[in-house]
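In case you want the letters, here they are:
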Amino acid sequence: MKRILLTGLLLCGCLTLSAQLTMPAMPAVRPASQLRCAPAPFFHTIGADTLPHTQDAATRRCYIGNTRTLHWDLKAMGEAFVTDNGTRVWRMGIQSPGAASIGLMMEDFHLPQGACLLLYSPDGQQLHGGYGADNNAPDHLLAIAPFPSDSLIVEYQEPSDAAFDGKVVIGEASHNFRSINRFGISEAVCAPHVGTQPELDRVKRGVMDLYVYDNGTAWACTSWMPANPAGKPYLYTAYHCLNGNLTTSQLARRSVVYFNYEVPAQDTTVQGSIEQTLSGLELVAAFDSLDFALTQFQKMPPRDYRAYQLGWTLTTEPGGELTCIQHPYGDSKRVSYSMNAPHFTTLSGSEYRPCFIRNGYWQIDRWRQGTTESGSSGSPIMTADLLVFGGLTGGNSYCDTPVNDYFSRLDLAWDYRSERNKQIKCWLDPDNTGIQSMEGRELYGQPCVRTSHIQPGDSLAGTRLPQPEVGLLAGHNSLDHDLFAERFAFDTPQTLYGLFLLSECGRYYPPSPVYIQVYDGTDRPEHLRLRQLVYPTDLSSFNAEADTFRTAVKRQWSGTETYVRLQEVLEMDSVFFVG
């Protein structure tokens, strides 16, 4: 058993920016001269129903919480001050007592270059952001991934030489009864973690978690990216996952997509990284009676998200072992298998599906292993060749009774309706070539590759030095070790884009901050290429009364994988060190 600090790297070719990207940022500290005359952040409270929305087990979308309309202008309602370097700062506290997480929907978000928005908990143990001008969208909307706390501080920083006055207006907030991406909440323990199935290492990257802000409620579903000749970043899900009080098109714009949320390797005790998110979907086609919705990202997902486009088929006779990859309850990615040949069935109507097409759905009579749950809606069902032929609409399966799940038919979604906005043929076969299937493909021709020194069977552990020494081998100890590095060797030069960190335990001490350091070298680290303070786990606690920051234990360092994007893309030789 070995102690791994750096679990892997992302190697790729270039830097690509898109929505929901973050940049290093820390809460601003008010000058001492302003402490007496300025109050601590005022906490505005958002209300919530006393009981969560009842789950609709049949549709398999997972209600996360309730939303509230706010229209809160941060500049008008937040406390304001100016830092010593002239940066203007606006700060507001938001609380929703008893919430597992709080989601924010920005209705007017438009920032100049150099400005940033960040969210952090009052105790400083969680930080999201900063969100900068790269997140600007034509409609000024920005859906922010749920923040795992019942209170948070929203802070906007704008440089003194900003090109224009930025706008930050919080349109809605969601009081979430459960936290999406809260590790271990799924009840589908009979469904294996996809990270334990190496044969799915490629196709699993084509399945994403989906969080939707509606006007009144918020929920989670599953989605997937279909292959197409032009390589456009389409995202496919169930129609009822984008059906609510608002229009389907509006709900698409108000969605957050999580990439690669899954346990790393085969250690199912470790929560996977949840830093890779995007928002901003545009609806291109949907049809309620076949329960499908095809959307498109307004910008290309970044290369380091390693997005994969799943292959698909219009077959009406799928055979062999069937595979379904999903996010049950918004939890980490799991997989279910069936050896039973599916057959056509007709579903009855409901509030989400008013009029079904006769024999418009596949029925899975029984799962050999696994099941589906609330939150699995929209997940792909694949043939033995791992080609998608349907998407989950609903069902009645549970671990103790793994029977009767229903999937919409991809072959009918293809061109059952002739209208462009109610079929997928004109989007996945725009040149009308008559194709009936397409193999999976990487979103980028030269995708990022994740590499790791972790081997099957390894597990997270803290290895202590033998007596008479004291402390951990990789950590504070009596030998005064303060720098550790791993050697990575390849056959050709590499481009380093980011890395995943995994620590058995960790604290942040201001006198001894944690940095990532990248070195050139052959047998040992030699020339330092980059030194970067670790984000987001470097925030020390906020003391509202004194308006200062203090040390805090970083719980997310323990047993959690964190993705850190490097501040700059590094062109490296075939051998280098990261520590």
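Bear in mind the structure is a predicted one, so any value in this text is a computation, not a measurement.

**Q** When you look at the overall build of the chain in this model, what are you seeing that I'm missing?
**A** Counting its secondary structure elements, the chain contains four helices and 40 strands. With 579 residues in all, the chain has 59% of them scored as buried. Taking the intrachain contacts of the chain between residues at least 6 apart in sequence as the baseline, contacts between residues at least 24 apart amount to 77%. Summing over all exposed atoms, the chain offers an accessible surface of approximately 22500 Å²; the carbon and sulfur share of this is 49%.

**Q** Sorry if this is basic, but what is going on with the pattern of salt bridges here?
**A** For side chains of opposite charge, pairing can occur when their charged atoms come near one another. This model, assessed by the stated rule, comprises 17 salt bridges. A cluster of three or more residues bridged by salt bridges with shared partners is formed by K75, R88, E158 and D165.

**Q** Any chance you could explain the sheet that holds strand β40 (residues 575-578) here in plain terms?
**A** With antiparallel pairing, four strands are arranged side by side in an open sheet as β31-β40-β34-β35. Only two strands of the sheet have a single partner each, and these edge strands are β31 (486-489) and β35 (528-533). The average angle at which neighbouring strand axes cross in this sheet is 20°, direction not considered. Two elements, strand β34 (residues 515-520) and β40, share three bridges in a ladder whose sense is antiparallel. Note on β40: the bridge partner recorded for V518 is V578.

**Q** For this particular structure, what's the right way to read the pairing of strand β27 (residues 403-409)?
**A** Along a regular strand, successive side chains alternate from one face of the sheet to the other. For β27, the buried fraction is high: five of the seven residues fall into the buried class. When strand β24 (residues 361-366) meets β27, the two strands line up antiparallel, connected through five bridges. What sits directly across from R366, in β27, is V403. Summarising the sheet, strand β26 (residues 388-395) and β27 pair through five bridges and their orientation is antiparallel. Looking at β27, one finds that G395 is bridged to D405.

**Q** Sorry, what's going on with the state of the cysteines here?
**A** Where two cysteines share a covalent bond between their sulfur atoms, that bond is called a disulfide. Applying the stated criterion across every chain, the model contains two disulfides. Each sulfur of the disulfide joining C190 and C399 lies 2.2 Å from the other. Around the S-S axis, the bridge from C190 to C399 shows a dihedral of about -85° and counts as left-handed. You can see C190 sitting in the loop between β11 (167-176) and β12 (207-213) and its partner C399 sitting in the loop between β26 and β27, a full 209 residues away along the chain.

**Q** How should the side chain of R409 be read in this particular structure?
**A** If you trace the backbone, R409 turns up in strand β27. A residue is classified by how much of its surface remains accessible, and R409, at 8% relative accessible area, is buried. Here the side chain of R409 touches D411 through a polar contact of 2.6 Å, side chain to side chain.

**Q** Help me understand the nonpolar core in this model?
**A** Note on soluble globular proteins: their nonpolar side chains tend to be buried together. Y236, F292, L294, W312, I325 and I424 are the most contacted members of the largest nonpolar core, which totals 33 residues. Elements represented by at least two residues in this core include exactly β14 (234-237), β17 (281-287), β18 (292-297), β22 (334-338), α3 (410-415) and α4 (425-428). The greatest single-element share of this core, amounting to four residues, is contributed by α3. Residues in contact with L294, not counting those within four places in the same chain, are P226, Y234, L235, Y236, E282, L283, V284, A285, I424 and W427.

**Q** Is there a simple way to think about the packing of aromatic side chains in this case?
**A** The description of two aromatic rings rests on the distance between their centres and on the angle between their planes. Taken as a whole and assessed by the stated rule, the structure comprises 16 aromatic pairs. Aromatic side chains W362 and F389 sit 5.4 Å apart centroid to centroid with 90° between the ring planes, which places their arrangement in the edge-to-face category. Placement of the pair is W362 in strand β24 and F389 in strand β26, with a sequence separation of 27 residues. Classification of F389 by relative accessible area gives buried; the value is 1%. With centroids separated by 6.0 Å and ring planes inclined at 20°, the aromatic side chains of F490 and F576 adopt a geometry described as stacked. Taken as a pair, F490 in the loop between β31 and β32 (494-502) and F576 in strand β40 lie far apart in primary sequence, 86 residues in all. The exposure class of F490 is partly exposed, given its relative accessible area of 22%. One aromatic cluster in this structure is built from W224, Y236 and F292. Taking NZ or CZ as reference, R409 lies 5.9 Å from the ring centre of W362, over its face. Above the face of the W427 ring, R420 is positioned so that its terminal group lies 4.6 Å from the ring centre.

**Q** How should I be thinking about the environment of L118 in this particular structure?
**A** Considering the arrangement of structural elements, one finds L118 in strand β7 (residues 116-120). Taking relative accessible area as the criterion, L118 reaches 0% and is therefore assigned buried. Placed 13 residues apart in sequence, L118 and Y131 show a C-alpha to C-alpha distance of 6.4 Å.

**Q** Can you walk me through the pairing of β31 in this structure?
**A** Every second residue of β31 is oriented toward a common face, the buried set being E486 and F488 and the non-buried set R487 and A489. Inspection of the sheet shows β31 paired to β40 by four bridges, in the antiparallel sense. The residue bridging A489 from the neighbouring strand is V575, located in β40.

**Q** In this structure, what is going on with the confidence of the model for the chain? I would like to understand it.
**A** Low-pLDDT stretches of the model should not have their predicted coordinates read in fine detail. Mean pLDDT over the chain stands at 83; residues scoring 70 or higher make up 82%. Low pLDDT, under 50, characterises residues 12-19; the stretch is placed with 31 contacts to residues that sit more than four places away or in other chains. Predicted confidence for residues 536-555 stays below pLDDT 50, and this span has 66 contacts to residues more than four positions away or in other chains.

**Q** Just to check I follow, could you spell out unusual backbone geometry for this structure?
**A** Trans peptide bonds make up most of the peptide bonds, and negative phi angles are found at most residues other than glycine. Following Q467, the chain continues to P468 via a peptide bond in cis, the omega torsion being 15°. Counting through the fold element by element, P468 comes out in the loop between β30 (449-451) and β31. In this structure, N260 takes a positive phi of about 60° despite not being glycine. Owing to a relative accessible area of 9%, N260 belongs among the buried residues under this scheme. Despite not being glycine, D291 has its phi angle at roughly 50°, a positive value. Topologically, D291 is positioned in the loop between β17 and β18.

Calculation notes
- Residues numbered from 1 in each chain as written.
- Predicted model: local features only at pLDDT ≥ 70, side-chain atom pairs only at ≥ 80, totals over all residues.
- Heavy atoms only, no water.
- Helix = DSSP H or I, 4+ residues; strand = E, 2+ residues; numbered from the N terminus.
- Buried < 20%, exposed > 50% of the residue type's maximum accessible area, 1.4 Å probe, protein only.
- Contact = heavy atoms within 4.5 Å.
- Areas by Shrake-Rupley, 256 points an atom, 1.4 Å probe, with all protein chains shown as cover.
- Salt bridge = Lys/Arg side-chain N within 4 Å of Asp/Glu carboxyl O.
- Pairing = 2+ DSSP bridges.
- Axes fitted to C-alpha atoms, helices over the stretch in contact; angles between N-to-C directions.
- Disulfide = S-S within 2.5 Å.
- Polar contact = N/O pair within 3.5 Å; in protein donor to acceptor, adjacent residues only side chain to side chain.
- Core = buried A, V, L, I, M, F, W, Y, C linked by side-chain atoms within 4.5 Å.
- Phe/Tyr/Trp six-rings, centres within 6.5 Å; stacked < 30°, edge-to-face > 60°.
- Lys NZ or Arg CZ within 6 Å of the ring centre and 35° of its normal.
- pLDDT = per-residue confidence, 0-100.

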